[in-house]
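Structure assessment
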Amino acid sequence: MKVEKKKKIIKTIKVDVDKCHGCRACEVICSAFHAVPKYSSNNPARSRIRVLRDPLRDIYVPVYAGEYTAAECTGRDKYTIDGKEYDECAFCRASCSSRDIFREPDSGLPLKCDMCESDPPLAEPMCVQWCLVGALTYEEREEEVEEEAAPEEVETGLEAMANKHGWQKILAAAARMSKKR
Ligand code: SF4
Ligand code: SF4
């Protein structure tokens, strides 16, 4: 089967863990920006970036919420970088059932970084703007990518979420999101 390609802007946030000092301003602004109505509240538990903090070991790792996954890992990795050992799951972006982060605290629905999509678009995502020490850097580049997922792939993903959380919660979250726009 011939796969169609198209041009797409790839948005990237580079994370420099050596510069991060764990202030959590990024979590605060992300949750406020996504509150409904905007800026009406802030709760880092609703943030789509979470900072893994272990001050005694000088470990601060900002991690962005990625895809939802219904399955927990059966094997996990540990990394040692510059003499620091990082916990299992430290760099993982998945919203999964083995931990509390990247899940909306009221509904339990998965959260995912949307790069602060808004109309008009922001020059830079809010977390990048609020990181005053430059641990987060925003970049854009153009790439050729395969066409978007077929509708049936999207349906399979939705079905997996519905099996876990129930359609009621998903529809309530969709209603909240559409109000926000
Ligand atoms: S705002 Fe910057 S320095 Fe503060 S926790 Fe987030 S990434 Fe780290
Ligand atoms: S880019 Fe926007 S949505 Fe993503 S973590 Fe940063 S503030 Fe939150």
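Our structure's up above, just so we're on the same page.
Cut-off values and rules
Residues numbered from 1 in each chain as written. Chains lettered and ligands numbered in written order. Predicted model: local features only at pLDDT ≥ 70, side-chain atom pairs only at ≥ 80, totals over all residues. Heavy atoms only, no water. Helix = DSSP H or I, 4+ residues; strand = E, 2+ residues; numbered from the N terminus. Polar contact = N/O pair within 3.5 Å; in protein donor to acceptor, adjacent residues only side chain to side chain. Contact = heavy atoms within 4.5 Å. 1 Å grid on protein atoms, 1.4 Å probe; cavity = no way out; pocket = protein on both sides within 12 Å on 5 of 7 lines; lining within 4 Å. Points joined across faces, edges and corners; volume = space filled by probe spheres on them. Nonpolar A, V, L, I, M, F, W, Y, C, P; charged D, E, K, R; others polar. Phe/Tyr/Trp six-rings, centres within 6.5 Å; stacked < 30°, edge-to-face > 60°. Buried < 20%, exposed > 50% of the residue type's maximum accessible area, 1.4 Å probe, protein only. Lys NZ or Arg CZ within 6 Å of the ring centre and 35° of its normal. Near = heavy atom within 4 Å. Sits in = over half its atoms within 2 Å of the grid points. Core = buried A, V, L, I, M, F, W, Y, C linked by side-chain atoms within 4.5 Å.

Concerning the side chain of Arg-99
When you line up the elements, Arg-99 lands in the loop between strand 5 (84–86) and helix 2 (126–130). Within the structure, Arg-99 has its side chain in polar contact with the backbone oxygen of Cys-92 (distance 2.9 Å). Residues in contact with Arg-99, not counting those within four places in the same chain, are Cys-89, Cys-92, Arg-93 and Ala-94.

Description of empty space enclosed by the protein
Evaluated as defined, the whole model comprises two cavities of 30 Å³ or more. Put simply, the largest cavity is a space of about 90 Å³. If you go around the largest cavity, you meet 13 residues; those closest to its centre are Cys-20, Cys-23, Cys-26, Cys-131 and Ala-135. Residues that form the lining of the largest cavity fall into these classes: 10 nonpolar, two polar and one charged. Of the volumes computed, that of the second largest cavity is approximately 70 Å³.

Points about the packing of aromatic side chains
Overall, the coordinates contain three aromatic pairs when judged by the stated rule. For the ring pair Phe-33 and Tyr-39, a centre distance of 6.1 Å and an interplane angle of 65 degrees mean the geometry is edge-to-face. Take Tyr-39: its relative accessible area is 45%, and that puts it in the partly exposed class. Aromatic side chains Tyr-86 and Phe-91 sit 5.1 Å apart centroid to centroid with 50 degrees between the ring planes, which places their arrangement in the tilted category. Judged by relative accessible area, Tyr-86 falls into the buried class, the value being 6%. Three or more aromatic residues joined by ring pairs make a cluster, and in this case those are Tyr-79, Tyr-86 and Phe-91. The ring of Phe-33 has Lys-38 lying over it, and the distance from NZ or CZ to the ring centre is 4.4 Å.

Section: the site of ligand 2
Neighbouring ligand 2 are the residues Ile-13, Cys-30, His-34, Arg-48, Ile-49, Tyr-64, Cys-113, Asp-114, Met-115, Cys-116, Pro-125 and Cys-127. Using a 2 Å cut-off from the grid points, one finds that ligand 2 occupies the second largest cavity. Residues belonging to the shell around ligand 2 are distributed by class as follows: nine nonpolar, one polar and two charged.

Observations concerning helix 1 (residues 25–33)
Among the nine residues in helix 1, eight count as buried, and that is most of the element. Those residues of helix 1 not exposed but buried are Ala-25, Cys-26, Glu-27, Ile-29, Cys-30, Ser-31, Ala-32 and Phe-33.

Brief notes about the layout of surface pockets
By volume, the second largest pocket amounts to about 230 Å³. Considering the residues around the second largest pocket, the lining is formed by 18 residues, among which Cys-73, Arg-76, Glu-88, Cys-89 and Cys-92 are closest to the centre.

Details of the site of ligand 1
Around ligand 1 sit Cys-20, His-21, Gly-22, Cys-23, Arg-24, Ala-25, Cys-26, Val-51, Pro-62, Cys-131, Val-133 and Leu-136, and that is every residue in its neighbourhood. Assessed atom by atom at 2 Å from the grid points, ligand 1 resides in the largest cavity. Looking at the shell around ligand 1 residue by residue, the class counts come to nine nonpolar, two polar and one charged.

Topic: the nonpolar core
Among the nonpolar cores identified, the biggest contains 15 residues, and Ile-13, Cys-26, Ile-49, Tyr-64, Cys-127, Val-128 and Leu-136 are the most heavily contacted of them. For this core, the elements supplying multiple residues, two or more each, are helix 1, strand 2 (49–54), strand 3 (59–64), helix 2 and strand 6 (136–146). Here Leu-136 is in contact with Ile-13, Lys-14, Val-15, Cys-26, Ile-49, Pro-62, Tyr-64, Cys-127, Val-128 and Cys-131, once residues within four sequence places are set aside. Ranked by size, the runner-up nonpolar core spans seven residues in total, among them Val-61, Val-63, Ala-65 and Tyr-86.

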